[in-house]
Structure formats: structure tokens, C-alpha cells
Amino acid sequence: MASAVDELWAVARNGAPVDAAALARAVEEAGDGPIESLDYRTRLLIRDSLLALRSHWGPDHFGSWLGGSPRRGALQQLWESDSMRAAPSDEGFPTLTRRIVDAINTTTVMQLFRELSTHVTQPTRLVIGGSIAMMLAGHLSRNTDDIDIVDELPANLRIQPELLENLASRYGLRLAHFQSHYLPTGWEQRIRSIDASGKLSVFAIDPYDVFVGKLFSVREKDRDDLRAVAPRLDREILIERVQRSTADLRGERRLADAARQNWFILFGERLPE
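Here's a quick rundown of the structure.

Rules and cut-offs
- Residues numbered from 1 in each chain as written.
- Predicted model: local features only at pLDDT ≥ 70, side-chain atom pairs only at ≥ 80, totals over all residues.
- Heavy atoms only, no water.
- Phe/Tyr/Trp six-rings, centres within 6.5 Å; stacked < 30°, edge-to-face > 60°.
- Helix = DSSP H or I, 4+ residues; strand = E, 2+ residues; numbered from the N terminus.
- Lys NZ or Arg CZ within 6 Å of the ring centre and 35° of its normal.
- Pairing = 2+ DSSP bridges.
- Axes fitted to C-alpha atoms, helices over the stretch in contact; angles between N-to-C directions.
- Expected span 1.5 Å × (residues − 1).
- Buried < 20%, exposed > 50% of the residue type's maximum accessible area, 1.4 Å probe, protein only.
- Polar contact = N/O pair within 3.5 Å; in protein donor to acceptor, adjacent residues only side chain to side chain.
- Contact = heavy atoms within 4.5 Å.

## Quick word on the packing of aromatic side chains
Aromatic ring pairs: the centre-centre distance and the angle between the two ring planes describe each pair. Considering all chains together, one arrives at four aromatic pairs under this definition. Ring geometry for Trp 263 versus Phe 267: centroids 4.5 Å apart, planes at 55 degrees, classification tilted. Remark: Phe 267 and Trp 263 occur in helix 16 (residues 253-267); sequence separation between them is four residues, near one turn of the helix. The residue whose ring lies beneath Arg 125 is Phe 203, and the NZ or CZ to ring-centre distance is 4.9 Å. For the cation-ring pair, Arg 235 lies above Phe 267, with the distance from its terminal atom to the ring centre recorded as 4.3 Å.

## Re the sheet that holds strand 5 (residues 174-178)
What the five strands build is an open sheet, ordered 5-4-3-7-6; its pairing is mixed. Two strands bound the open sheet, and with one partner strand each, they are strand 5 and strand 6 (192-197). Sheet twist, expressed as the mean angle between neighbouring strand axes with direction ignored, is 35 degrees. As defined by bridge partners, strand 6 adjoins strand 7 (residues 200-204) across five bridges and the pair is classed as antiparallel. Along strand 7, the bridge assignment pairs Ser 193 with Phe 203.

## Topic: helix 3 (residues 40-57)
The end-to-end C-alpha distance of helix 3 is 26 Å, a good match for the 26 Å that 18 residues give at a rise of 1.5 Å each. Taken together, the buried positions of helix 3 are Thr 42, Leu 44, Leu 45, Ile 46, Arg 47, Asp 48, Ser 49, Leu 50, Ala 52, Leu 53 and Trp 57. Near the N-terminus of helix 3, the side chain that reaches the backbone nitrogen of Arg 41, with its oxygen 3.1 Å away, is that of Asp 39. Count one or two residues on from helix 3 and you reach Gly 58, which has phi positive near 90 degrees.

## Focus: the pairing of strand 7
Across the five residues of strand 7, four count as buried, placing the element largely inside the fold. Where strand 3 (residues 124-129) and strand 7 come together, five bridges link them in parallel fashion. Bridge assignment links Arg 125 to a residue of strand 7, and that residue is Ser 201. From the end of strand 6 to the start of strand 7, which pair antiparallel, there are two residues, and Gly 198 there has a positive phi angle of about 60 degrees.

## Remarks on the environment of Leu 44
Looking at the element boundaries, Leu 44 is found in helix 3. Sequence-wise, Leu 44 and Leu 173 are 129 residues apart; in three dimensions their C-alpha atoms are separated by 36 Å.

## Brief notes about the side chain of Ser 245
Of note, Ser 245 is situated in helix 14 (residues 235-245). By relative accessible area, Ser 245 is classed as buried at 5%. At 2.5 Å, the side chain of Ser 245 forms a polar contact with the backbone oxygen of Arg 241. Contacts of Ser 245, omitting those with residues within four sequence positions, involve Pro 184, Thr 185 and Arg 190.

Here it is, written out as C-alpha cells:
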């Protein structure tokens, strides 16, 4: 149970978006045992997690989930506890409700690519970057509206705007693009294949290269992604990638300033030279 409780606390202490399904699993695992054996703050965390799930899902979905949970006895005991209901909200974890999201399911992303492949009549290559590349690698869990393609969509897809709009509407994901000059040097040699259906081949940028690209970003949402992903990556590889492949990025003062600030916020140190 200790590791399950630790996982739940890791969710609460991270200021990043929290996937509702992942939070529900963490709550169930932490509640696998006598509730009275948990310390007060952990019970309070479970209570506020339940409140956040109910707020996000609505009472009907929440009630269905709780009623069907294998831990429903212990969780209902805490949910209905007078002491927990009476606890002042400022003692708890009110930001959970604001941070909870339905994270993108990577299965949905792959289904979109497979459907897209049925409309491709000539060999076509897509290289995926941004947050989706992190999600596909299992390093990030949040919602997004865009699948970022390096540089631009291939011409044979650009000429099918109705298809792209239809997929965006049905899957909730739009094919967008970003410029490769925001990536570290040599990124092309480190991409990995994630799918090959019909004439469509899809590759993803290496997570360390995505991290470095976001490191040199001025956007706060990229900084939040960095905070969420940094604990999952090897610090020594990050340092080496920053030292060996960011000369061009450092040449733009605005980007270099952003990288120095982001690295300091993440690690409390100067950006590796």
C-alpha cells in the first residue's frame, strides 16, 4: 500500500495537469486496505481526489465509477465520513479540481494515423514532435488539441482540407506544424518509427530532443511540460544533449534567455555550457 500512497502523493504534489483516469486508479490503489490505517493528510488527499473526480465527471458518472470500484467499501467509508466532510477545504488540496483533465489516449492518436493512412495514395512521411511525442513515449499525460508535425504537412495531405477538418472534428485532434529550427542539432538522426500503415509512415522525435526544444521556449505551457517530464528523464543525457546540440538555439538571445531561466527553475542551476 505504501507505494500506492506514494504514487497518489506524487500526483498531488505535481502542479501539472492530472489525468482523471490516472487519478481514479491511484485513489483506488491507495484505498486498498483499512482507511483508518492511513494518516489524516492521506485520507484528506483521497477525499479531495474524490471531490475533484465528482466535479470533473459529474455526479452520475462519478457515482457509477465509485459504485463499480473494487475498493468501493473503503472509499465510500471515507467519502461518507463526517470528519472528512467537515474538514476545512483550505487544509486540503483545492488545486486538484482545477488541474484535472481527460488526458489524450495514445490509442486515439494511433487510430487517427491509421484512418489517415487510408486516404494516402503515395508514400508519405510524418514526423511528430511537441507534447504528443512525449505522450507517445509515455513521459507526459495531459490534454491537447494539436498533433505537431515538423515543418509542414506533406502536400498530398494539404490538398485534402475537408478530410483534415473531418478528422479534427471526430478525434478532437488537429494536425498542426512547427518549425524544425526550434529543435536541437541532429534531431533527424534520433527519430523513431511509431507506425507504418499502408503508404503512411509516422515517426516521433526523441523525447530528449522534444525536451530541449521546449527548454528554449518562452511559453509557460512548455515550462509546465518540462516540470512534468524532467523527473522521468535521465539528467546526464539531458545535460549532454544541451551541451552538444544547442549552439544554434543559443544564437538567438531570446531563446537562450528562456533556456537559462527554465533550467534554473527546473534544477536550481546554471544552464550547462
